[in-house]
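Commentary on secondary and tertiary structure
This is what each chain is made of:
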Amino acid sequence: MEVKIQKIIIPNTAIELFIKREDLIHPFVSGNKFRKLKYNLIQANLENQSTILTFGGAFSNHIAAVAYAGFQNNFKTIGVIRGQELALKTQENPTLKFANQCGMQLEFISREDYTNKDSISFINSLHQKFGQFFLIPEGGTNELAVKGCEEIITDNEKKFEFICCCVGTGGTISGIINSSFNHQKILGFPALKGDFLQKDIRKFASKINWDLISNYHFGGYGKVTSELIEFINKFYIDTKIPLDPIYTGKMVFGVVDLIKRKYFPENSKILIIHSGGIQGVEGMNLKLQSKNLQTINIK
């Protein structure tokens, strides 16, 4: 699959910066979600499973992608959603509304119960309620997802010395690490606070040519600032490339800031992986509007 690579002009530097537009792979199952679901859907078919069950939050890219992929591939889908209070707000929430329109059955549970989502007893209770299903974890990260993400890096990317990507659950960066070339350094930009991701990535990554840059989460998962929103809007004006405020906006902000701070050697060739997630912008704008704050304008 040939994916567009677009150059980004950064004034007053000899560094060459490019972005791989994984977000353009599919209009609804874009970027890393397409990669993560590819082999999971194949495996579900091999096992003759007719139902896919997964987990996610209110504005989850993963929930939206699984809902549409299920609809497109004739799977029944069930989304276990964090937060019982959302049950009455399905039509007000763009992500959940979209998932529902794709036929996904939404099961709302308390945030406390959600912390047990990986336990055997909780999964068994879901089987008792819903019967047989093919389980995909929150964010889609498992060995099959990593296999799909390994296809992001091809010979076309061999010329780059640094490859930068967002980090949520660790599956995407693990696949990129595994398929990277020996001369490359992989830099992950976590959207969450905390160092627990190091351990999660090591479970799947086969090389040690990577590091996490943890200074650009803007307060934690789902948190934004006016500085970040202004950056996303200006970046779109300058490049016509849309970014989301949860993942890609923070990563690109971080990469550009590191370039300004002389983090990268002169004449470095850097590739940013655009992993999609634009569907979350509508929901974030609703939150920003409710607080009379500046919104994201990428249209």
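Please refer to the structure higher up on the page.
A quick note: this is a predicted structure, and the numbers were derived from the prediction, not measured. (Residues numbered from 1 in each chain as written. Predicted model: local features only at pLDDT ≥ 70, side-chain atom pairs only at ≥ 80, totals over all residues. Heavy atoms only, no water.)

**As for the sheet that holds strand S8 (residues 185-190)**
The strand order across the open sheet formed by 6 strands is S1-S2-S10-S7-S8-S9, and the pairing between neighbours is mixed. Looking at the sheet topology across the chains shown, the edges are occupied by strand S1 (5-8) and strand S9 (210-212). When the angles between neighbouring strand axes are averaged without regard to direction, this sheet yields 25°. Strands strand S2 (16-20), strand S7 (162-167), S8 and strand S10 (269-273) of the sheet are contacted by helix H10 (residues 248-260), whose axis makes an angle of about 165° with S10. (Pairing = 2+ DSSP bridges. Helix = DSSP H or I, 4+ residues; strand = E, 2+ residues; numbered from the N terminus. Axes fitted to C-alpha atoms, helices over the stretch in contact; angles between N-to-C directions. Contact = heavy atoms within 4.5 Å.)

**A few points about the sheet that holds strand S4 (residues 76-82)**
Overall, parallel pairing links the 4 strands, which are arranged S5-S4-S3-S6 in an open sheet. Edge strands, defined here as strands with exactly one partner in the open sheet, are strand S5 (105-109) and strand S6 (134-135). As paired elements, strand S3 (residues 51-56) and S6 share 2 bridges and run parallel to each other. In the strand pairing of S6, Leu53 is matched with Leu135.

**Quick notes on the layout of surface pockets**
Quantified by volume, the second largest pocket comes out at close to 470 Å³. Mapped by element, the contributors of at least two residues to the lining of the second largest pocket are S1, helix H9 (226-239) and H10. Its residues assigned to classes, the lining of the second largest pocket comprises 11 nonpolar, 4 polar and 8 charged. (1 Å grid on protein atoms, 1.4 Å probe; cavity = no way out; pocket = protein on both sides within 12 Å on 5 of 7 lines; lining within 4 Å. Points joined across faces, edges and corners; volume = space filled by probe spheres on them. Nonpolar A, V, L, I, M, F, W, Y, C, P; charged D, E, K, R; others polar.)

**Overview of the packing of H9 against H10**
For the pair H9 and H10, the least separation of the axes is 10 Å and the interaxial angle reads 85°. By the angle class used here, H9 and H10 are roughly perpendicular. Judged by residue contacts, Glu227, Leu228, Phe231, Ile232 and Phe235 of H9 engage Gly249, Lys250, Val252, Phe253 and Val256 from H10. Among the residues making up the contact of H9 with H10, the classes are represented as 7 nonpolar, 1 polar and 2 charged. (Parallel < 35°, antiparallel > 145°, perpendicular 65-115°, else oblique.)

**Notes on the side chain of Asp23**
Positionally, Asp23 belongs in the loop between S2 and helix H1 (31-46). Apart from residues no more than four positions distant in its own chain, Asp23 is found in contact with Ser30, Gly31, His274 and Gly276.

**What about the pairing of S1?**
A one-sided burial pattern is seen for S1, the buried positions being Gln6 and Ile8 and the unburied ones Ile5 and Lys7. Pairing geometry for S1 and S2, over 4 bridges, is antiparallel. Within S2, the residue paired with Ile5 across the bridge is Lys20. (Buried < 20%, exposed > 50% of the residue type's maximum accessible area, 1.4 Å probe, protein only.)

**A short note on the pairing of S8**
Here is the key point about a regular strand: its side chains alternate between the two faces of the sheet. Taken across its 6 residues, S8 has 5 buried, putting it largely inside the fold. Judged from the 6 bridges that link them, S7 and S8 form a sheet pairing that is parallel. When the bridges of S8 are listed, Phe162 appears paired with Lys185. With helix H7 (residues 171-179) bridging S7 and the parallel S8, this β-α-β connection has right-handed handedness. The pairing of S8 with S9 spans 3 bridges and is classified as parallel. Residue pairing across strands places Ile186 opposite Trp210, the latter belonging to S9. On the question of chirality, the crossover connecting S8 to the parallel S9 by way of helix H8 (residues 196-204) is right-handed. (Right-handed = clockwise from strand over helix to strand, strands pointing away.)

**Quick notes on the side chain of Asn32**
Among the structural elements, Asn32 can be located in helix H1. Classification of Asn32 as buried rests on a relative accessible area of 11%. Each residue touching Asn32, except ones within four places of it in the same chain, is listed here: Cys149, Thr172 and Ser275.

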